[in-house]
Amino acid sequence: MLKLKQKFDLHRDVESDIHRKEASVCRVKEYSGAVDTRILNIERDGGILYSWKGATATTRIGKYDSNTKQNKLLYSFDKQVCVSSCSLNKEETLLAVSLAQNTRGEERLRPISKCLTLLIEIHPINNTKVLKAVDCRVKVQFLHQETDRRSVLESHLLLLTEDGYVDLYHVLLTKHEGYRVVMANPERLPKTVERIAEDLSWVQWDGHTQRLYCLTHKDKFLLRCVQFYPSHNCETVMELPLELPANPFHTVKFVNLGFDHYHMERPEQELIRMNVFTNRIGSMCVCYSQPRKDNQELLYTVVLVHKDCSKTFRVSLGSEQSQHKAAQLHPLFIPIGYYILVYLKDYFLHCINTRQQEMPCHSLFLSGHDVDLGLQCQSANITVLHAEEESCGSLLDLASGKIHTAELSPAYLLQILRSSSRCPCNKADPQRLAALHCLLVYMGKDPSLELKIIEWLCDNVNAFESFDQIQEFILASLYRISYEKSLSLDKVLPYSSVFDKKEVPACLSAIPGVLCTTELHIESVLKGKGFWTELQWNTERTKYLDAVPNPRYRTSQIQAEWNKLRSETRPSSYMNHLEENTKKVLSMVDTWCLDKKLVPLFQEEDHQQRMLIGLTVDKLREHLNRHLPRLGKKKIDSLVVCYVAKLLELIRHLLESVWLKYKLGPRVLCLKQQGSPAEWSVFHFMFRILEATRGLCLPLPPDLDNSEANERLKFSILKRLPEPMEQRIYHMWDHPVSSASISRDYVRTLLEKHSNTKGFAFTSRDKPGFRPEFLPLTYLAKILSDIEEQALNPFEETENVDARFVEETALKQTLILLGFDTK
């Protein structure tokens, strides 16, 4: 399910270098002793801090630079110490460490604290300041804020204690002798302390965004977020009440604040596991497992702050043996893009779509012993790192000292799509739908991957029982293209054809073995700048959209308007308005690359499709202006025109891809020979596209032009159609053959209706307007003119076929038959 790429290996990237340094210190050719290397912390710039015990009975701290792949010695203690927490300032001039004191053996009788926290100058080694000497664990973390100032003469250090409070130290620096950076007035350091939070039971640091999440409990559990700004000011920007069990933590739980190898909680000691994940596009999720009352099921909650809702999942663990094995385990929460992966090894993998959370069929759920992320260790040994990149997460195996970046595997998702069609609907279709949307929306920028999906569509032409895969391809692809332009389009644009169904199939509305309960309106309080401003607006917009009917635009909603437009005469001003919409769309279409010209579209004015294009633009623009006025009319107009233009491009792309797949040229489907299997496949696929777009009332690209090759193509298609459909198509194709067919059928119908009439008298219409040049035809036209007053066109309910049209068409055909004209 995951693609794992090794990013760091403690043995390969660090220990081999340490052995060379120890050999140099010991003045030997090769050092073969143990170095006991341990990862301590990972800073914002990706630098990995580690310690090792050297050959000279000392403890040293080093840094691995993930950009240069180089190691650097930062500091050496003159004896062996137990480093439980460590952080380096951005300028690499100060090192903060917490040492776990040895209270055993000879030193147990001494009045010694369990933890000693130091602030050390490392360039040059000049001064060491004791910050804390207490009997509880202490975590240290420097702020790493971006700043425009060229010379930074201050550092800011967070100090977090197991007693449940967080302090911020403001460390002023000064330059000596032009290059040495040292602490200014270290004796005044305690006076610069600022209390940030207290009464904590859980705390998480996010170095990439410089945010501190703190959980407190008085009357209720409250999750707060403190945002640190480049100006070194901080602000509480979020308060979120949570429903947690009483006493969920034995001691204060530190998340993403380094690795303490001298105080490791065993997984079975944890009542719950909790993480907060944010994404630069404006999403925020709070994930936590819940203690189980029995071993039969697992509960976990995902609070979608950006969606103003909370979802709690209850998953069955299966057999009694499985239940006993998983009794003390907690799932891993892994962020990958806007997906949250909930993983319990050998039991299940739930890939939760945090952008489209309304229906379970857009999130992928896999269960059973075959569920494996490809990790070579138990999930209890895995730490999820908070990666800056949106597209991948990072996983650290502390036992082996390896860090992997993790991405969703497109090959695995394609395998789900291609799974046996004999699988029952309630098992295969929801997985296929979720995998398809992940491939199209999350990974859709990859052209080679898109081509594989189109090939899958070609190989599975018939619609599945519960959803139409071509409709899903069109809507999901358009959603991805438009969503990139504005996050607020999330709940107002079409996303899936499932929303257009009057009744959602049962297999798409629930997942076997998973029970989900949703709580709307989570009462979060948000303020602040940047990310928080956007998050606040999104939550407010979500509340509004949850309260109004049909906030998501449904393409099928314009079907009634489209039917009226085709059957009624509208004011010319309105038709001109639609035509202007169409011109804007087709002006973008005209700029597309059509060098292949396998399917030469966009060359003829198709009046019906032009009307539908204009109507689609009009209705979608109206919808967005109503629900998202904040975007402004100019931006909305641009978004809508681009949306419809991309729709036409997508259909053209489908056609050209299938042409290439079957290696067809422009001269195909001709009448001179029997159609090949490839031609029949393409023909069938074209019909499926037609059915899919008609079901959603989507416009199609305008038709082929009347070149000689394209005429043969059209005739061959017409001859393969059922006769009633063929007659309807004739009325849509402006061509002499179509005119001749319409005339013949119309004359035959009129004469058959008049066959019982005896005698005939000319009316006053026989004098002024008829041509005397071809008397038989003139006589026939006079008869038809009088009959036509009583007979409506059998093919068009509100429109008569003009007798002059029939006359001219018949004359043209007569000239062709006599050899006086070539057409």
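Scoring rules and cut-offs
Residues numbered from 1 in each chain as written. Predicted model: local features only at pLDDT ≥ 70, side-chain atom pairs only at ≥ 80, totals over all residues. Heavy atoms only, no water. Pairing = 2+ DSSP bridges. Helix = DSSP H or I, 4+ residues; strand = E, 2+ residues; numbered from the N terminus. Axes fitted to C-alpha atoms, helices over the stretch in contact; angles between N-to-C directions. Contact = heavy atoms within 4.5 Å. Salt bridge = Lys/Arg side-chain N within 4 Å of Asp/Glu carboxyl O. Buried < 20%, exposed > 50% of the residue type's maximum accessible area, 1.4 Å probe, protein only. Phe/Tyr/Trp six-rings, centres within 6.5 Å; stacked < 30°, edge-to-face > 60°. Lys NZ or Arg CZ within 6 Å of the ring centre and 35° of its normal. Core = buried A, V, L, I, M, F, W, Y, C linked by side-chain atoms within 4.5 Å. Expected span 1.5 Å × (residues − 1). Lys, Arg positive; Asp, Glu negative; His and termini not counted.

J.: How do you make sense of the sheet that holds strand β22 (residues 297–304) when you look at a structure like this?
T.: Strands belonging to one sheet form pairs held by backbone hydrogen bonds; the direction of such a pair is parallel or antiparallel. Strand order across the open sheet formed by five strands is β20-β21-β22-β23-β31, with antiparallel pairing between neighbours. A single partner strand is all that each edge strand has here, and the edge strands are β20 (274–279) and β31 (514–520). Within this sheet the neighbouring strands show an average axis-to-axis angle of 15 degrees, counted without direction. In this fold helix α8 (residues 531–547) packs onto β20 and β21 (283–290), with an angle of close to 75 degrees to the strand it touches most, β21.

J.: What's the story with the pattern of salt bridges in this structure? I'm lost.
T.: Side chains that carry opposite charge are capable of pairing whenever their charged atoms lie near each other. Tallying each qualifying case throughout the model produces 28 salt bridges. Among the salt bridges present, the one from E92 reaches K63, with a minimum N-O distance of 2.6 Å. With E92 in the loop between β6 (83–88) and β7 (94–100) and K63 in strand β4 (residues 59–65), this pair connects stretches of sequence that are 29 residues apart. K63 gets classed as buried once you look at its relative accessible area, which sits at 6%. Residues joined by salt bridges that share partners form a network here, namely D45, K63, K72 and E92.

J.: Sorry if this is basic, but what is going on with the packing of aromatic side chains here?
T.: Centre distance and the angle of the planes are the two values used to describe a pair of aromatic rings. Applying the stated rule across the entire model yields 16 aromatic pairs. For the ring pair Y479 and Y495, a centre distance of 4.8 Å and an interplane angle of 85 degrees mean the geometry is edge-to-face. One end of the pair, Y479, is in helix α6 (residues 469–483); the other, Y495, is in the loop between α6 and α7 (506–509), and 16 residues separate them in sequence. Of the two residues, Y479 and Y495, both sit in the buried class. Stacked on the ring of F531, the Lys or Arg R211 has its end atom at 4.3 Å from the ring centre. Taking the ring centre of F464 as reference, the NZ or CZ of R432 above it sits at 4.7 Å.

J.: Would you explain the nonpolar core in this entry?
T.: Nonpolar side chains tend toward joint burial in soluble globular proteins. Within the largest apolar cluster, 107 residues are counted, with the highest numbers of intra-cluster contacts made by M1, L341, L408, L413, F473, V585 and F685. Among the elements that line this core, the one with the most residues is helix α12 (residues 633–661), at 15 residues. Each residue touching L341, except ones within four places of it in the same chain, is listed here: L2, L332, F333, I334, I336, L349, H350, C351 and L408. Core analysis: the next-biggest nonpolar cluster, separate from the first, contains 27 residues, Y213, L240, V255 and V303 among them.

J.: So what exactly am I meant to see when it comes to the sheet that holds strand β19 (residues 253–255) here?
T.: The six strands lie next to each other as β19-β15-β16-β17-β18-β32, forming an open sheet whose pairing is mixed. Pairing within the sheet leaves two strands with one partner each, and these edge strands are β19 and β32 (525–526).

J.: Sorry if this is basic, but what is going on with the environment of V302 here?
T.: Counting through the fold element by element, V302 comes out in strand β22. Exposure remark for V302: the relative accessible area of 2% places this residue in the buried category. Among all residues touching V302, those that are not within four sequence positions of it are C285, V286, C287, C309, S310, K311, F313 and I352.

J.: When you look at α8 in this model, what are you seeing that I'm missing?
T.: Each full turn of the α-helix corresponds to 3.6 residues, which orients residues three or four apart in the same direction. Taking 1.5 Å as the rise per residue, α8 with 17 residues should run 24 Å; its terminal C-alpha atoms sit 25 Å apart, in good agreement. Within α8, the full set of buried residues consists of F531, W532, L535, W537, N538, T539, R541, T542 and L545.

J.: Would you mind going over the side chain of T539 with me for this structure?
T.: Note on placement: T539 falls in helix α8. Residue class for T539 comes out buried when judged on its relative accessible area of 5%. Ignoring sequence-local partners within four residues, the contact set of T539 consists of V305, H306, D308 and L526.

J.: Just checking my understanding: could you explain the side chain of D9 for this structure?
T.: By the secondary structure assignment, D9 is in strand β1 (residues 2–9). Notably, D9 is buried but unbridged: the nearest opposite-charge side chain belongs to K402, and the N-O separation is 4.3 Å. Those residues in contact with D9, other than ones at most four positions away along the chain, are V14, G401 and K402.

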